Amino acid sequence: MASLLLRRRLSLLGLSCSLQRDNVELCWVPWERKFGSSFKICGCLRQFSSSSGAMKFDFTDLTRPHTWYPSARKKKRLVVLHVGPTNSGKTHHALKKLESSSSGIYCGPLRLLAWEVAKRLNKAEVPCDLITGQEREEVDGAKHKAVTVEMADVTAEYDCAVIDEIQMLGCRTRGFSFTRALLGISANELHLCGDPAAVRLVQEILKVTGDNVEVQCYERLSPLVPLKVPLGSFSNIRTGDCLVTFSRQKIYRLKKDIENGGKHLCSVVYGSLPPETRTRQATMFNDASSEFDVLVASDAIGMGLNLNISRIIFSKLEKFDGVEMRELTVPEIKQIAGRAGRYGSKFPVGEVTCLDAEDLPLLHSSLNSPSPILERAGLFPTFDFLFMYSRIHPKSGLHQILKLEEFKYMQK
Ligand SMILES: Nc1ncnc2c1ncn2[C@@H]1O[C@H](COP(=O)(O)OP(=O)(O)OP(=O)(O)O)[C@@H](O)[C@H]1O
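The structure contained in this document is the topic of the report that follows. Note that the coordinates shown come from a computational prediction; the quantities given were computed from them, not determined experimentally.

**Here we look at the packing of aromatic side chains**
Applying the stated criterion to the full structure yields three aromatic pairs. With 5.8 Å between their ring centres and 55 degrees between their planes, Phe176 and Phe380 make a pair best called tilted. With Phe176 in helix α6 (residues 175-184) and Phe380 in the loop between β21 (377-379) and α12 (383-392), this residue pair connects regions lying 204 residues apart in the sequence. On the basis of relative accessible area, Phe380 is assigned to the partly exposed category, the value being 25%.

Structure, rendered in structure tokens:
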């Protein structure tokens with residue numbers, strides 16, 4: 001109850017806060033959407049007096065996150081939003097810019113995506129490091145890096161930067177890393193690729209930065225056909241199929257069911273596979289000469305990956321998200337379905353269906369619906385901020401500090 005009240009009140013500060021176990025999540029609510037353009041809280045830099053009487057920056061003021069990144073604020077960045085449906089060439093165009101830049105960084109949501117980009121750049125003779133939470137592969141003379149977004153260095157300077165799947169800034173658990181990269185990367189050009197649902201939110205967030213923002217829209221490059229019939233039986237599986245399910249146990253059960261039919265061998269891809277194994281499994285499936293012609297995967301394949309998939313088959317349209325069983329969202333269904341029939345792959349036309357007929361109506365309606373417009377981005381202070389924060393308030397926890405901030409705001 002107390003945390004609900006806190007969440008409601010803090011949303012008046014332009015921040016919404018929910019306290020879960022020991023974690024504090026902050027979500028940035030765009031000011032103008034919520035309060036109209038006359039609401040000015042973001043325009044005031046609050047200060048506090050230290051015991052020596054000197055005025056200093058108040059690190060409990062979380063309402064100006066763009067000021068947390070001085071290096072990026074020194075630049076007037078050209079920010080290009082590449083938006084459109086899946087498989088429309090957004091990332092391809094952004095990566096062309098990255099390839100021709102004198103230095104740069106690619107930030108993706110998945111280790112496999114960073115790996116794919118590092119491979120592409122190195123092949124194009126642009127030396128590129130691969131840096132993820134699990135590995136660091138440095139290449140001699142590299143001025144480019146492909147990283148998972150959490151590893152983005154916001155202190156270095158780049159000529160060009162790419163943030164892929166920018167709509168993830170609305171994600172409850174990882175969104176803050178995308179917001180940090182969006183506000184913090186110091187680059188002359190910043191290319192953002194993703195769903196059109198993120199455009200307004202990104203434009204609003206960047207209004208205060210002085211960056212020049214452009215939007216480029218794309219159309220799907222090859223058709224994606226939602227099938228009217230379900231797979232029904234594993235005997236209908238064919239080369240190039242990808243079965244999508246949401247637990248490791250189910251992945252291996254489906255692999256066994258398909259291989260028991262004696263016609264196909266399955267590669268598997270899921271989030272908790274060790275990086276080298278995941279890469280090897282994806283490569284085996286993509287290799288036309290390999291016997292592993294069917295893929296069984298989790299939604300780890302859902303973002304940006306270019307695999308030789310002809311047909312996506314959802315085993316179910318619900319998953320356990322760490323808290324509860326829930327239906328897949330429209331963006332999740334579109335993202336995963338979008339892996340079929342990638343432009344330039346062995347299968348120029350993609351198909352999508354479900355294992356069971358009862359799931360088809362939801363699949364079809366989701367593919368025909370636009371993704372809901374994003375209204376919130378994740379936000380979390382930098383570690384430096386938290387460190388100084390605790391110095392200013394040595395006796396209070398973050399929860400108490402936020403409560404105090406709320407109280408001070410209500411007194412104004
Ligand atoms: N102009 C082009 N020339 C050659 N290949 C292209 C071109 N545009 C896109 N492709 C290829 O088409 C595939 C899909 O492109 P890309 O990954 O850029 O799409 P996307 O819109 O970013 O997709 P998603 O949102 O699903 O990640 C890739 O294999 C890419 O290399």
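**Observations concerning the sheet that holds strand β17 (residues 311-314)**
Pairing is parallel across the open sheet formed by six strands, whose spatial order is β13-β20-β17-β14-β16-β15. Edge positions in the sheet fall to β13 (224-226) and β15 (265-269), since each of these pairs with one other strand and no more. For this sheet, the mean inter-axis angle between neighbouring strands, taken without regard to orientation, is 25 degrees. Bridge analysis of β15 against strand β16 (residues 292-297) gives five bridges, and the strand direction is parallel.

**Concerning the sheet that holds strand β11 (residues 186-194)**
Ordered by their spatial adjacency, eight strands build an open sheet running β8-β7-β9-β6-β10-β11-β5-β12, and the pairing between neighbours is mixed. Bordering the open sheet on either side are β8 (136-137) and β12 (212-217), each of which pairs with just one other strand. The strands touched by helix α5 (residues 111-123) are β6 (104-108), β7 (128-131) and β9 (144-148); relative to β7, the strand with the most contacts, the crossing angle is about 170 degrees.

**Here's the deal with the nonpolar core**
Membership of the largest hydrophobic core comes to 81 residues, with the highest contact counts inside it found for Ile185, Ile301, Ile312 and Phe314. With six residues, α5 is the single largest residue contributor to this core. Beyond its immediate chain neighbours, meaning those up to four positions away, Ile185 contacts Ala72, Arg77, Ile105, Cys107, Ala152, Val154, Tyr158, Ala161, Ile163 and Arg180.

**A look at the side chain of Ser88**
Note that Ser88 resides in the loop between β5 (78-83) and α4 (90-99). When near neighbours in sequence (up to four residues on either side) are disregarded, Ser88 contacts Tyr218, Glu219, Arg220 and Leu221.

Rules of the game
- Residues numbered from 1 in each chain as written.
- Predicted model: local features only at pLDDT ≥ 70, side-chain atom pairs only at ≥ 80, totals over all residues.
- Heavy atoms only, no water.
- Phe/Tyr/Trp six-rings, centres within 6.5 Å; stacked < 30°, edge-to-face > 60°.
- Helix = DSSP H or I, 4+ residues; strand = E, 2+ residues; numbered from the N terminus.
- Buried < 20%, exposed > 50% of the residue type's maximum accessible area, 1.4 Å probe, protein only.
- Pairing = 2+ DSSP bridges.
- Axes fitted to C-alpha atoms, helices over the stretch in contact; angles between N-to-C directions.
- Contact = heavy atoms within 4.5 Å.
- Core = buried A, V, L, I, M, F, W, Y, C linked by side-chain atoms within 4.5 Å.

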